[in-house]
Every structure is written in C-alpha cells, then in structure tokens.
Amino acid sequence: MNFHETFFILLAAIIMIFSVLVVTTDKILRAATYLLFVLLATAGLYYWLQYEFMAAVQVALYAGGIVVLIVFSVLLTHQIHHKLVSITLTRKLLAFGIAGLGALVSIVTIVNYDFNTAPAEAMKVDVRQIGLHLVNTGHNGFALPFEVVSILLLAALIGAITIAKKEESNSDNI
Amino acid sequence: MGLTEILTMSHELALIAALIILLISEIFSDEKSKYKFIPLAFALILGAGVVGLIFGKTGIIFGGMYQNDALRMAMKLILDLATLIVFLQSTEWIKHPHNKNRVLEFYLLVFATLIGMNFMISSGDFLMFYLGLELATIPIAALAAFDRLKNNSAEAGIKLILSSALSTGLLLYGLSMIYGTTGSIYFSEIKELITLNSLSMLGMIFFITGMAFKISLAPFHFWTADVYQGSPIAVTSYLSVVSKGAAIFIFTFVLYNVFGATSAIWTQILVMLSVITMTIGNLFALRQQNLKRFLAYSSIAQAGFIMLGILGQSAIGMGSVIYFLLIYIFSNLGAFGVVAIISAQTGKETIADYRGLYATNPKLSLALMLALFSLAGIPPVAGFFGKLFLFNAAASQGYYWLLFVAVVNATISLYYYLLPVKAMFIEKTDSPIATFKAKPYMALSVAICMVGLVVTGFASVIFEYLVSVSSGL
Amino acid sequence: MLYTISIKYFLILSTLMFFSGVAGFIIRKNLITILMSVELMLNAVNINFLVFNRYLYPDQLQGHFFSLFIVAIAAAEASVAIALIINIYRRFNTIMVNKVDEMKY
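Residues numbered from 1 in each chain as written. Chains lettered and ligands numbered in written order. Predicted model: local features only at pLDDT ≥ 70, side-chain atom pairs only at ≥ 80, totals over all residues.

Draft legend 1. Seen up close, the overall build of chain A. Scanning chain A from terminus to terminus reveals six helices and zero strands. Starting at the N terminus and walking to the C terminus, you meet the elements of chain A as α-α-α-α-α-α. Looking at chain A as a whole, 31% of its 174 residues qualify as buried. Look at the contacts in chain A between residues 6 or more apart in sequence, and 46% of them connect residues 24 or more apart. (Helix = DSSP H or I, 4+ residues; strand = E, 2+ residues; numbered from the N terminus. Buried ≥ 20, exposed ≤ 12 C-beta atoms within 10 Å, placed from the backbone. Contact = placed C-beta atoms within 7 Å.)

Encoded structure:
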C-alpha cells in the first residue's frame, strides 16, 4: 500500500464516518463541525483527483462560506448547548429504510457496472484552461452558464434581503 | 459569435433588460411612490413578449447550450401572457400598506424567475437546464415568504426551498449518472449515446423523481398543498401555473429528445405516476374547504392528466400537452383571479363563504363557474377539448386501462369542481358576500382569462399550430 | 498512480454520503440540520461528477464545470434558505419542523 492509497483510505474513512455523524448527532453545533470535516475531506479528495482548482473552491466556498453561514444561523437561532429533540423510532426506521434501500440499489448497480476507465488523453486542468473554458462561447464552452449564474446570484441576493429585511413599522410581528 | 446570433435569445435579453430597468427604478424611487411603478411592470412584460415575437428566431447558439424554435417561442409567449395575468391579479395585494415599499422587489423576483424559466425552456444541455431550474425556483421561495402578515407565508417559503433542494439533489444525482454513462451533458449528444443499461436507468429514475417533486406528482407532492395555501395568492397562482407549465414543458422535451431511446422504461414509470397522481389529487381535493388548498390539489390532479399527453410520445402528444397547458393557464388563473378578488375584498377563502354569491355578484360567479367547468372538462368549455386531446394522445399508444382510470378520475373531479358552483348558485345563506365592484386591473385579468377560454376552445387552429411545430420521439 | 484506486470505491463513497443526506432529510426535525443534509447530498453529487470526469472522460471538463456551478448555486440556495430560516425564527421563535406547522388538512 503506497502513500496515495493510504491517503485515499484516510479521506474515505473521514467522509463516511462524519457523513453519518452529521445526520445522527444530537448537538447541532457538532453537526455543523462534522459537516465541515466532511467538506474538507472532500476537498482533499478533489486534490487527490488532481482538480486543484475545485479543491480550492470547495474549501473557500463550501467549507468557508456555507458552513460559516450555517454556524452563524445556528448561533442566531439557538442556545449553543441546545439538544435536538429525540426522533421517534418509526421515523428512524422509515428514514433508514428508504435511504438504505436507495443506497443498496445504487451500490449494487455501481458494482456490477462495467466502467471503461481512462480511455482518453487527460486534459491539463490549470487555472488558465478553466478561465478559457468560462469565456468560450462554442461547444464545451461555458460562457452562457457563467452569465446566467450571475443573474441567479443577483436574484438570490434580492430574495434574501427582501425576506430578512426588518420591517419599519408594526414591530409586533417580528 | 456575432450580434445576429446573440439575437436568437432576444426574448431573454429583453427580460434581462427589464430586470435592469426595474433595478434602476428601485434605486431611484422614493419609499412612498413605489406603487407608481406597477404599470411599468405591465409594460415591461408586454414589451418582452413583443420583442420575443418580433425579433425571436430559431437557432442553436453557444455550441448547443441554447436552442430556440417555434414551439419554444410559443411556450415563452404563453408564459409571458400568464405572468401578465398574474401581475394584473396581484395589484391589490401589492398595493397593501405592508407591501407598498417592496413593490419593485416583487417584480424583480418574478422577472428573475421568468428569465430562469426561459433559459430552462431553451436549454440545450443539462447545465443550462439545471441553472434555469434553480433560477426559476430560488426566488420563488423568497416570494412565497413575501407576506408579512401571515406566519403561514414564512412556513410556505421554507417548505418550498427545502423540498426543492431535496428534489434538486435527487435530480443532480441522476444527472451525474447520466454523465457517467454517456460522457456528455449536451442533450443532442446524450440522445445519440444513451443506451439501456443499469446505471443510465438508475440515473433516469433519479431524474424523473426529482422532476416529479418539481411538478408535484404524487407521491412526491407533500409540499404542494402547504406551500400553495401559505403563499400570497399571486405567488400561488404563479407557482401553480407558470412554474409548473415551464417545468412540464422541459420535462416532456427531455423525455422525448434525450431519453427517447429508453422510452420503454420511462413510459412505465409515467403510467404509475399518472395513476397515483390523479387519484391522490382527487381524493384530497374532495375534502378541502379552503379554496386555495382546493385549487392546489386540483392542480396536482391536473398534472396527472398531463402525463397522459406525454405518454402519447408523438408530435400530437407534445402538442396536446402544450395546448392543455395554455387552457390550464386560462382556467386556473381565472379561478385564482376570482378567489383573489374576493379574498382581497373580504378576506374570505373557504367554499362555505361563497354561498349565495350568484345573487350578490353574478359576474364573478359566472366567471368562476366557467373556469371550474373548464378545469373539470365539461363540454363545450375549452378544458374539455384540452382533456380530449390528452386522452386521444394516450389512446394512440394503446394505454386503454390508463384511459379508463383517467375517465373515472375525471368523473370524480366533476363532483368536487361542482361543489363551489353549487355553493354559489344553489345554496342560500343569511349573510352572503355583499355586492361589490372588482378593481379594474383584477377584473381585466379575469376577463382576459374568460376570453382566452373561449378563444382557445373554439379556435382549433391553435392546436393545429402547436402540433405542427411540435416534435415527437 | 492516479487510477490505482478503482472508480467504484469513489462511487460507493459518494453513494453512502448521498443517502446519509437523504436519511438526514427525513429524520431531522431542525430546519438547519435539514439544510446540512441537503448540502451533504449536493456534495456527493459533486464527487460523482468529478470522479466520472477524471476517470472516464479526462479529455474534456464538462463534469468539472458542472460541479463548479453546483457549488455556486448551492451557496446561493443556502443563503436564501438561511434567510428564510431566520425569518421563521422571528415569527415562531423556534426552527423545529413539528412546531412550524400551522396548516393542517
């Protein structure tokens, strides 16, 4: 077993254990921390796959942005030591039944599927390539989605502000 | 890529220009006079439609990411019209003191979702499809939570965004498998490369599940009723008509033109979904007292009928789906319009409140009756022809037992669509809703719907045109 | 070196991650933890796209860009969702799903 394999097994173990813990732990701030571990380990996985740019984006946006946002909202809406209510057994069984069935079907399909790995010459993925793709208007270019996503971010901003904005009058509803 | 090519997406560009105009007006308007911009929004949506009609042309640009053809242009114009009707209906609600300083935000968010739907309809690959879908969903969650007076509205917003996030997750998981098996995200390439194998089937099933959430097919409909009831009425009608219409259109297109080679599988899934959706929608609609909730379940049932048209798998199938959507827009918005008028005037929303309405407000009662008859599919109202063509499309593929279930369900639906009619025309009460005159904009919106119902019902040329520009498997 | 680990291990890993997200969506009663479950699901999808891209179709970057856009949109979606959650908290003074349920059949 060489370094690469060990590294992968380590990342996979972190992801698996903490993914399950995110959805089962009864302390909400812990769940957020475990989510952070999962997201960072995923960034490691991207690095392993030699998608360095995606790894950086993952750390900056997901781990840095979303988790911080989530932690903020936890602190705004909870006492820190707040315990989550216990979940009824039937609901647990239902959840693990559905998810387990789905996972089983998917895994069986994946294991039995014959993947045709590494047939083509790998493309170099550096920031220059990514930039060129993002402004390319032809086939395999992503200029249009790049523009549309900016409208989406604008709309999300307007939406979030519209909801979260405090009312000027009639404060009894807040 | 030159200017002439960019003009292929003139309709979207017009909408984006409208968004920018609204944004600038928001910046330079003062708090008190924002309601003066309401006519501007009407003008902008009309203008975008006209620009799309005049400058719109067919073509494929951005290396296949964006495509436009006659059917898509027709669908975009239908959505514009529906949005205009929704805008007309929302005037009283948006002028309310609680919303008065947020008028432009409402229009901004609606325009953003409309841009998303347009890009979704015109998408030529799954990335644009996904972006359009999200752009059409995220702002609507903000719109659903727009109402400050009601806690239900906040609840509707969070339920909408979380269930849509779940459905997006399922959909994307499916798309990743499709990408894994075909190596492409472009519709045209996937169409050539997709084969019947276990992984692509699994991907397709996840994709259909995700879309079933979005167009609220049972058993993935659980969020619908709460969201429809809690949202402001203008948003509910927008959600149930415009969003749903756009999603159904692209769903049909993707099934035909991307998953065409695997139709043996998805037709079976659709048959199941259709039966469950029609039945559950009807059974729940039977027991609703709140009219918004009632219309929510009825719209679930209608989606089940639309699946019949998709099963037609031909140009006629697709044409009948679009034609039904057009009629559905007029009849559903007509019904929502009357409910909105009465709700704005009196705040009453249950069927029992409508007792004796014919005696006091005969015009509104007749309009609601016509809209409900159309939803029920009673001849000779337009809805009858819409359903007939859907059934016809399914019959052409030999789904006779499914047709039987559909006819039984249509008969059950007659009963509950007649309940409000019975309340208005036959039942008596001591305290009916007093006579009042509807506000001009809202009355206009209902009038447009009624004219639309008559025109689409009797002008067979519309259906023929839609079929002629549609494409089958 | 890169391909010493079979693609199947990656896919099994992402599948487990995805379905723990699905399970979390069903069992969780707190709106923020539901949001976390959704993030898990989207993250699993991203892994899928990148792994398929690297192992099966390394000559183009479609999967890479798809996951890039998923990350961007997930951030936008999370921000709106959190605005909505805070809005809920202001009204109901709780963010537990079972208490945020005024509408009944």
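Draft legend 2. Here's a closer look at the overall build of chain C. When its secondary structure is counted, chain C shows three helices and zero strands. The secondary structure elements of chain C, listed N-terminal to C-terminal, are α-α-α. Counting over 105 residues, chain C shows a buried share of 70%. Of the contacts made within chain C by residues no fewer than 6 positions apart, 47% connect residues no fewer than 24 positions apart.

Draft legend 3. Representation of the interface of chain C and chain B in the model. Contacts between the two partners involve 33 residues from chain C, matched on the other side by 29 residues from chain B. Contributing elements (two or more residues each) for the side of chain C that touches chain B: α1 (7-27), α2 (31-55) and α3 (62-92) of chain C. With 16 residues, α3 of chain C is the single largest residue contributor to the side of chain C that touches chain B.

Draft legend 4. Region of the structure containing the interface of chain A and chain C. With 74 residues of chain A in contact, the opposing surface of chain C contributes 69 residues. Elements with a contribution of two residues or more to the side of chain A that touches chain C: α1 (3-24), α2 (28-48), α3 (52-77), α4 (89-112) and α6 (143-164) of chain A. Broken down by class, the residue content of the side of chain A that touches chain C amounts to 54 nonpolar, 16 polar and four charged. (Nonpolar A, V, L, I, M, F, W, Y, C, P; charged D, E, K, R; others polar.)

Draft legend 5. Spatial organisation of the confidence of the model for chain C. With 90% of its residues at a pLDDT of at least 70, chain C reaches an overall mean of 87. The ipTM value of the predicted complex is 0.94, and its pTM value is 0.93. (pLDDT = per-residue confidence, 0-100.)

Draft legend 6. Layout of the domain arrangement of chain A. Under the domain assignment, chain A is made up of domain 1 (1-86) and domain 2 (123-164). One C-alpha centre belongs to domain 1 of chain A, the other to domain 2 of chain A, and the line joining them spans 25 Å. (Domains from an automatic or database assignment.)

Draft legend 7. Representation of the environment of Glu 39 of chain C. Along the polypeptide, Glu 39 of chain C turns up in helix α2. For Glu 39 of chain C, a count of 26 C-beta atoms within 10 Å gives the class buried. Apart from residues lying up to four places away in sequence, Glu 39 of chain C is in contact with Leu 35 and Ile 66 of chain A together with Ala 74 and Ala 78 of chain C.

Draft legend 8. Broad picture of the nonpolar core. Ranked by internal contacts, the top residues of the largest apolar core, which has 285 residues, are Leu 152 of chain A, Phe 111, Leu 135 and Leu 308 of chain B together with Val 80 and Leu 84 of chain C. Each of domain 1 (1-86) and domain 2 (123-164) of chain A contributes no fewer than three residues to this core. Those residues in contact with Leu 308 of chain B that lie beyond four places of it in its chain are Ser 274, Leu 390, Phe 391, Ala 393, Ala 394, Leu 402 and Ala 406 of chain B. (Core = buried A, V, L, I, M, F, W, Y, C linked by C-beta atoms within 7 Å.)

Draft legend 9. Examining unusual backbone geometry more closely. With an omega of 0 degrees, the peptide bond between Ala 218 of chain B and Pro 219 of chain B qualifies as cis. Checked against the element boundaries, Pro 219 of chain B lands in the loop between α9 (198-214) and α10 (224-230). Even without being glycine, Gln 50 of chain A reaches a positive phi, approximately 65 degrees. Overall, the presence of 15 C-beta atoms within 10 Å leaves Gln 50 of chain A in the partly exposed class. A positive phi angle, close to 55 degrees, is found at Gln 313 of chain B, a residue other than glycine.

Draft legend 10. Main features of helix α5 (residues 103-121) of chain B. For α5 of chain B, built from 19 residues, the straight-helix expectation of 27 Å at 1.5 Å per residue is met to within 8% by its first-to-last C-alpha distance of 27 Å. Counting buried residues in α5 of chain B gives 19 out of 19 residues, a clear majority hidden from the surface. (Expected span 1.5 Å × (residues − 1).)

Draft legend 11. Seen up close, the packing of helix α14 (residues 315-346) of chain B against helix α17 (residues 382-396) of chain B. All names here are of chain B. One way to put it is that α14 packs onto α17 with a least axis distance of 9 Å and a crossing angle of 155 degrees. The orientation of α14 relative to α17 falls into the category roughly antiparallel. The handedness of the crossing between α14 and α17 comes out as left-handed. Residues Ile 316, Gly 317, Ser 320, Tyr 323, Phe 324, Ile 327, Tyr 328, Phe 330 and Ser 331 of α14 form the contact with α17, whose participating residues are Ala 382, Gly 383, Gly 386, Phe 389, Leu 390, Ala 393 and Ser 396. Taken together, the residues that form the contact of α14 with α17 break down as 10 nonpolar, six polar and no charged. (Axes fitted to C-alpha atoms, helices over the stretch in contact; angles between N-to-C directions. Parallel < 35°, antiparallel > 145°, perpendicular 65-115°, else oblique. Left-handed = near helix turned anticlockwise from the far one by under 90°.)

Draft legend 12. Region of interest: α1 of chain C. In this model, α1 of chain C (21 residues) spans 30 Å end to end at C-alpha, consistent with the 30 Å of a helix rising 1.5 Å per residue. Counting buried positions along α1 of chain C yields 17 of 21 residues, so the element is predominantly enclosed.

Draft legend 13. Local environment of the environment of Phe 146 of chain B. Within the secondary structure, Phe 146 of chain B is located in the loop between α6 (126-144) and α7 (151-182). Between the alpha carbons of Phe 146 of chain B and Val 235 of chain B there is a distance of 8.9 Å; along the sequence they are 89 residues apart.

Draft legend 14. Local environment of the packing of helix α4 (residues 70-95) of chain B against α14 of chain B. All names here are of chain B. Running from amino to carboxyl end, α4 crosses α14 at an angle of 5 degrees, the nearest separation of the two axes being 10 Å. By the angle between their axes, α4 is roughly parallel relative to α14. Taken together, the residues of α14 that come into contact with α4 (itself represented by Met 75, Ile 78, Ala 82, Ile 85, Val 86, Gln 89, Glu 92 and Trp 93) are Ile 322, Leu 325, Leu 326, Ile 329, Leu 333, Phe 336, Gly 337, Ala 340 and Ala 344. Here the residues of the contact of α4 with α14 sort into 14 nonpolar, two polar and one charged.

Draft legend 15. Here's a closer look at the confidence of the model for chain A. Mean pLDDT over chain A: 86, with 87% of residues reaching 70 or higher. Residue range residues 169-174 of chain A is modelled with pLDDT below 50. Its contacts to residues more than four positions away, or to other chains, number six contacts.

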